[in-house]
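# Observations on the three-dimensional arrangement
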Amino acid sequence: MATYAIGDVQGCFDELRQLLDTLQFEKERDVLWFVGDLVNRGPKSVEVLRFVRSLGDRAITVLGNHDLHLVSQHEGIERRRKDDTFDDVLHAKDARDLVAWLRTRPLMHIEGRYAMVHAGLLPQWPIKKAGGLAKEVEGALAAPDYRQFLSHMYGSTPERWSDSLSGWERLRAIVNAMTRMRFCTPDGRMEFRAKGKTPPAGYLPWFEAREKEKQTIVFGHWSALGLHLADGFAALDCGCVWGGSLAALRLEDRKLFQVRCRRYQAAEGE
């Protein structure tokens, strides 16, 4: 048995299948971890969703910002953006089932020596605490009134975490850190505009602001950072949709596998 953590797929189904062929993935034996953003910007979001869902408990995926955008758009809460490419999901006969499945994926996954999240964790959140915070959001997304949460989910405030936060502000801050953040300050103020490698003045890459723990944090979201493997973290978004590569990291021995990707988008974006 092997466990492979895979970077942002973003609708690049052909490349995903090519990567799995390279891994010689066997459903009965192996497990796939997806860092989020299964959909959008690439051409085959519906095929990615159907395939990953069909793997059952052999696949674990955490929610990314594009996944939540699809859920919100399906529910009529978020408006369409000009570079969205998941109409194949929205118009599919099984759209309701696929989106319901996606909506109830975890925001964070912790197992053994690894923790997986789409974007990042704030300095004030040890991994165990972050797992509890993620479950607060997961509960809201799985609740009968989940649409009410979705309607309050968007926005970049509050920009700093406090344990005293409550209600929609608390849940929004958790979502923003775990699905959108790249840079923050040591005291937990988040920055959402910068997308490159260089932090704005006064900010750090979120993983540099944290104290190291026993678990390695696996994440995606940051294509400009690219593949970055170090003690304590593994960044796996290699910009597949922008013409980069799709990467898989075998967690048992940290062996890396990559396949080249076609360029589906002309300019890098979030």
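Data block above holds the structure.
This write-up is about the structure you can find in this document. (Residues numbered from 1 in each chain as written. Predicted model: local features only at pLDDT ≥ 70, side-chain atom pairs only at ≥ 80, totals over all residues. Heavy atoms only, no water.)

### A few points about the overall build of the chain
Across its full length, the chain holds 8 helices and 13 strands. Taking 2.2 N^0.38 as the reference for a compact globule, 270 residues should give roughly 18 Å; the C-alpha atoms of the chain span a radius of gyration of 17 Å, in line with that estimate. C-alpha atoms of the chain, sized along the principal axes, occupy 45 × 40 × 35 Å. By the burial criterion, 57% of the 270 residues in the chain qualify as buried. Sequence-distant contacts, at least 24 apart, represent 66% of the contacts inside the chain between residues at least 6 apart. Carbon and sulfur atoms form 47% of the exposed surface of the chain, whose accessible area is close to 11600 Å². Taking the average location of the 39 positive side-chain charges in the chain and that of its 37 negative ones, the two points are 1 Å from each other. (Helix = DSSP H or I, 4+ residues; strand = E, 2+ residues; numbered from the N terminus. Rg over C-alpha atoms; globule rule 2.2 N^0.38 Å. Buried < 20%, exposed > 50% of the residue type's maximum accessible area, 1.4 Å probe, protein only. Contact = heavy atoms within 4.5 Å. Areas by Shrake-Rupley, 256 points an atom, 1.4 Å probe, with all protein chains shown as cover. Lys, Arg positive; Asp, Glu negative; His and termini not counted. Charge placed at Lys NZ, Arg CZ, Asp CG, Glu CD.)

### A few points about helix α8 (residues 167-179)
In this model α8 runs 19 Å from its N-terminal to its C-terminal C-alpha over 13 residues, within 8% of the 18 Å that 1.5 Å per residue would give. Among the 13 residues in α8, 10 count as buried, and that is most of the element. Among all positions in α8, only Arg170, Leu171, Arg172, Ala173, Ile174, Val175, Asn176, Ala177, Met178 and Thr179 are buried. Those residues of α8 that are buried lie in contact with α3 (65-74), β4 (108-111), β5 (114-117), α6 (127-142), α7 (146-152) and β7 (190-191). (Expected span 1.5 Å × (residues − 1).)

### Focus: the sheet that holds strand β9 (residues 216-219)
Judged by pairing direction, the sheet is mixed, and its 5 strands sit side by side in the order β4-β5-β9-β11-β10 without closing on themselves. Each having just a single partner strand, β4 and β10 (228-230) make up the two edges of the open sheet. Neighbouring strand axes in the sheet, compared pairwise and without regard to direction, differ in orientation by 15° on average. Packed on one face of the sheet, α6 meets β4, β5 and β9 and runs near 140° to β4. (Pairing = 2+ DSSP bridges. Axes fitted to C-alpha atoms, helices over the stretch in contact; angles between N-to-C directions.)

### Section: the pattern of salt bridges
Opposite charge on two side chains permits them to pair, given that their charged atoms come into close proximity. The tally for this structure, following the rule as stated, stands at 16 salt bridges. Note that lysine 44 and aspartate 14 form a salt bridge whose closest N and O atoms lie 2.9 Å from each other. Separated by 30 residues along the polypeptide, lysine 44 in the loop between β2 (31-34) and α2 (45-54) and aspartate 14 in helix α1 (residues 13-23) bring together distant segments of the chain. Look at aspartate 14 and you get partly exposed, because its relative accessible area is 31%. A salt bridge links lysine 129 to aspartate 163; its shortest N-O distance comes to 2.7 Å. Here lysine 129 is found in helix α6, whereas its partner aspartate 163 is found in the loop between α7 and α8, with 34 residues between them in sequence. Its relative accessible area of 29% is what places lysine 129 among the partly exposed residues. Accessibility expressed as a relative area gives 51% for aspartate 163, which makes it exposed. Beyond isolated ion pairs, a larger network of salt bridges with shared partners links Asp14, Glu15, Lys44 and Arg262. (Salt bridge = Lys/Arg side-chain N within 4 Å of Asp/Glu carboxyl O.)

### Observations regarding the state of the cysteines
The tally for this structure, following the rule as stated, stands at 1 disulfide. As a non-bridged cysteine, cysteine 238 has cysteine 261 as the owner of its nearest cysteine sulfur, 8.6 Å distant. Classification of cysteine 238 by relative accessible area gives buried; the value is 13%. (Disulfide = S-S within 2.5 Å.)

So far we have only geometry, and geometry alone does not tell us how the molecule works.
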